[in-house]
Amino acid sequence: MKNSDDLITINDYAKFFKLSTLHPLVNVLDVSKGSWSMVNKVNSVRYHFYAVFLKQGQDCTLKYGRQNYDYQDGTLVFVGPGQVIDISGIDYNKPPSGHALLFHPDLIRGTSLGTMMGKYSFFSYELHEALHISQKERKLVLDCFDKIQYELSQNIDKHSKTVIISNIELFLNYCNRFYDRQFITRDSVNIGVVEQFESSLNAYILSGKAKNEGMPSVGQFAEEQHLSPNYFGDLVKKETGKSAMEFIRYKLIEIAKDKIFDPDKSISEIAFELGFKYPQHFTRLFKSRVGYSPSDYRMLN
């Protein structure tokens, strides 16, 4: 078995299941209609296009980074270009199952969807942060897939690309809605994540780490809770109304307000304690949030 393989074209994925591709840049596959290609057995694959998988039937264990993910029925998994997925846990004795939507960045380049792909941050989530959908939502997903598949099966005309991309965008917008629902239904878990974030942030600053190691990053707090930065950031935004970085800055300013009351500390010392490399950056941020410079705030109070 080869260690890894690069899936560069849409057809590279289709060949993995001995299936065909109707369009070089986009495909919808029902992989249960295919069979494993023994030649292409690998431990991991790197995707060079966008892929969305809807699982049905038996379990399949995949690995992304250090996490194993049990890919269950009623689950959507999103993979973006450049991501490497460990598939060594696949049981090739069981027939493949599920559906896949695959589209290459070249399909959407120069289109409105291409410029907006950043808002679909779930393509950067880790596998264990997958989207779990209801039967009703599953029908909507399959309906979107069917519309794309129908268009692919027709003769290509000047409207084909627009219609296909519109249906992909519709599907992705549904996924944004489904993720919002998932964040809401897991509210108690999410609150725990935000509380841990706030607690870790306070500890980082007050312990002196900020002074020695610099301003904290979103990534380090996400890693602490075994979440990807994008999923963590979206979760914090849903719970607090602020992005994770805005939340960090908000806490820095709140702690700074308390420190300013200490007459023995200069504004520069406070800035360094909060992790700012340059005091003027701290002054600028403080004034933009509070309306006064740190020195003026000290005088007023």
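Counting restarts for each chain, with residues numbered from 1 along the sequence as it is written. Two thresholds apply to this predicted model, a pLDDT of at least 70 for residue-level local features and 80 or more for giving and counting side-chain atom pairs, whereas whole-chain, interface and lining totals are computed over all residues. Values shown for side chains rest on all heavy atoms present in the structure; no hydrogens or waters enter the calculation.

A. Just helix α10 (residues 244-260), in detail. A run of DSSP states H or I qualifies as a helix once it reaches four residues; a run of E qualifies as a strand once it reaches two. Both are numbered from the N-terminal end. Expected helix span is given by 1.5 Å per residue-to-residue step, counting one fewer step than there are residues. Taking 1.5 Å of rise per residue, the 17 residues of α10 would be expected to cover 24 Å, and the 24 Å separating its terminal C-alpha atoms lies within 8% of that figure. Per-residue accessibility, obtained with a 1.4 Å probe over protein chains only, is compared with the maximum for each type, and a residue is labelled buried under 20%, exposed over 50%, and partly exposed between these values. Buried residues of α10: A244, F247, I248, K251, L252, I253, I255, A256, K259 and I260, and no others.

B. Region of the structure containing the packing of helix α5 (residues 160-185) against helix α9 (residues 229-240). Here an angle of 0 to 180 degrees is reported between the N-to-C directions of two axes, which are lines fitted to C-alpha atoms, with helices fitted over the stretch in contact. Relative to each other, α5 and α9 sit at 70°, their axes nearing to 11 Å. With respect to each other, α5 and α9 are oriented roughly perpendicular. The chirality of how α5 crosses α9 is right-handed. The residues of α9 that touch α5, namely those facing Y179, D180, Q182 and F183, are Y231, D234, L235, K238 and E239. Its residues assigned to classes, the contact of α5 with α9 comprises 4 nonpolar, 1 polar and 4 charged. An angle below 35 degrees is read as roughly parallel, one above 145 as roughly antiparallel, one from 65 to 115 as roughly perpendicular, and any other as oblique. In this scheme, a crossing is called left-handed if the near helix is turned counterclockwise away from the far one by less than a right angle; it is called right-handed if the turn is clockwise. Only heavy atoms enter the contact rule, under which two residues are in contact if any of them lie within 4.5 Å. Residue polarity follows a fixed list, in which Ala, Val, Leu, Ile, Met, Phe, Trp, Tyr, Cys and Pro are nonpolar, Asp, Glu, Lys and Arg are charged, and the others, Gly among them, are polar.

C. Looking closely at the pairing of strand β9 (residues 99-103). Counting buried positions along β9 yields 5 of 5 residues, so the element is predominantly enclosed. Of the two faces of β9, the one lined by H99, L101 and F103 and the one lined by A100 and L102 are each fully buried. Where strand β2 (residues 26-30) lies against β9, 5 bridges are found, and the strand directions are antiparallel. From the neighbouring strand, N27 faces β9, where its bridge partner is L102. At least two DSSP bridges between two strands are needed for those strands to be called paired.

D. Geometry of unusual backbone geometry. Positive phi outside glycine occurs at K18, with the angle close to 55°. Its location among the elements puts K18 in the loop between α1 (10-16) and β2.

E. Region of interest: the packing of aromatic side chains. In this analysis, rings of Phe, Tyr and Trp, with Trp reduced to its six-membered ring, are considered paired at centre separations within 6.5 Å, and the interplanar angle assigns stacked below 30 degrees, edge-to-face beyond 60, and tilted for intermediate values. Across all of its chains, the model carries 31 aromatic pairs by this definition. Seen in terms of ring centroids, Y125 and Y231 are 4.9 Å apart; in terms of plane orientation they differ by 80°. Their pairing is edge-to-face. Residue Y125 is located in the loop between α3 (112-116) and β10 (131-132), and its partner Y231 is located in helix α9; the two are separated by 106 residues in the primary sequence. Following the ring pairs from residue to residue traces out a cluster consisting of Y50, F78, F103, Y120, F122, F123, Y125, Y179 and Y231. Positioned over the ring face of Y250 is K242, at 4.7 Å from the centre of the ring. Each ring is checked for a lysine NZ or an arginine CZ that lies within 6 Å of its centre and within 35 degrees of its normal; such an atom marks a charge sitting over the ring.

F. A look at the pairing of strand β4 (residues 50-54). Across the 5 residues that make up β4, a large majority, 5, are buried. Both faces of β4 are covered, namely the face carrying Y50, V52 and L54 and the face carrying A51 and F53. With 5 bridges joining them, β4 and β9 adopt antiparallel strand pairing. Within the sheet, the bridge partner assigned to A51 lies in β9 and is L102. Alignment of β4 against strand β7 (residues 75-79), held across 4 bridges, turns out to be antiparallel.

G. Region of interest: the nonpolar core. Only buried Ala, Val, Leu, Ile, Met, Phe, Trp, Tyr and Cys residues count toward a nonpolar core, and they belong to the same one when joined by side-chain atoms within 4.5 Å. Judged by nonpolar contacts, the single largest core of 65 residues is most densely connected at L76, F78, F103, F123, F171, L172 and F232. Broken down by element, this core gets its largest block of residues, 9 residues, from α5. Every residue in contact with F232, bar those within four places of it in the chain, is listed here: V193, F197, V218, F221, A222, Q225, L227 and A244. By size, the runner-up hydrophobic cluster in this structure holds 26 residues, among which are Y13, F49, A51 and I87.

H. The arrangement of the environment of D86 in detail. Assignment of secondary structure puts D86 in strand β8 (residues 84-86). Residue classification places D86 among the partly exposed positions, given a relative accessible area of 24%. In this structure the C-alpha to C-alpha distance between D86 and N43, which are 43 residues apart in sequence, comes to 5.9 Å.

I. Broad picture of the pattern of salt bridges. Within this document, salt bridges are pairs made up of a side-chain nitrogen of Lys or Arg and a carboxyl oxygen of Asp or Glu, the two lying within 4 Å of each other. Applying the stated criterion across every chain yields a total of 10 salt bridges. A salt bridge links E254 to K257, with the nearest nitrogen and oxygen atoms 3.3 Å apart. With E254 and K257 both in helix α10 and 3 residues apart, the pair spans about one turn of that helix. Note that E273 and K259 form a salt bridge whose closest N and O atoms lie 2.9 Å from each other. You can see E273 sitting in helix α11 (residues 267-273) and its partner K259 sitting in helix α10, a full 14 residues away along the chain. Three or more residues joined by partner-sharing salt bridges are found here, namely K259, K265 and E273.

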